Amino acid sequence: MIQIRPAAARELQRLLQRQQSARFLRLSIQAGGCLGRSYCLSFDSQLQPDDHSFNLDGGQLVVDAASLASLGILVIDYAEDLMGGGFHFGNSKASQTCRCGNSFTPSNFTEEAAS
Ligand code: FES
């Protein structure tokens, strides 16, 4: 389940509206970051067969099945500070989350699975 806080929904919509060719935002989980996995947001216009779609007010967030398996209850929020704005991810399947919040270790993470 993905929960998108109002501030994050507004920012995601704002970013999406600035894209001429993108139809939706894609969230994927990729290898990398300080703790093995990192959140990646990108624009896309091509749905894949294993995609799951979540409605934003006025927009769409898409997550592929493999990425969704690394997410429990995911809360996406957005905040601005003096250093700029950023998305924050709270993932119930993360056993560890890095200092900046972009990287995590899934609770079922093994080194073999990472390679
Ligand atoms: S990815 Fe290194 S501190 Fe967040």
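Each remark here, short or long, concerns the structure printed above.
What counts, and at which threshold
Residues numbered from 1 in each chain as written. Predicted model: local features only at pLDDT ≥ 70, side-chain atom pairs only at ≥ 80, totals over all residues. Heavy atoms only, no water. Helix = DSSP H or I, 4+ residues; strand = E, 2+ residues; numbered from the N terminus. Rg over C-alpha atoms; globule rule 2.2 N^0.38 Å. Pairing = 2+ DSSP bridges. Axes fitted to C-alpha atoms, helices over the stretch in contact; angles between N-to-C directions.

Undergrad: Can you walk me through the overall build of the protein in this structure?
TA: Along the backbone of the protein there are three helices and nine strands. Mapped in sequence order, the helices and strands of the protein form the string β-α-β-β-β-β-α-β-β-β-β-α. Taken against the 2.2 N^0.38 rule, which gives 13 Å for 115 residues, the C-alpha radius of gyration of the protein at 14 Å falls within 12% of a compact globule. By principal-axis analysis of the C-alpha atoms, the protein measures approximately 40 × 40 × 20 Å.

Undergrad: Even after reading the chapter, I still don't get the sheet that holds strand E1 (residues 2–4), so can you show me in this structure?
TA: Each strand in a sheet pairs with its neighbour through backbone hydrogen bonds, running either in the same direction (parallel) or in the opposite one (antiparallel). In space, the three strands of this open sheet follow the order E1-E6-E7, with mixed pairing throughout. For this open sheet the edge positions go to E1 and strand E7 (84–91), each flanked by a neighbour on one side alone. If you compare each strand with its neighbour and ignore which way they point, the axes differ by 25° on average. Note: E1 against strand E6 (residues 74–81), three bridges, orientation parallel.

By themselves, these are just geometric observations and shouldn't be taken as functional.
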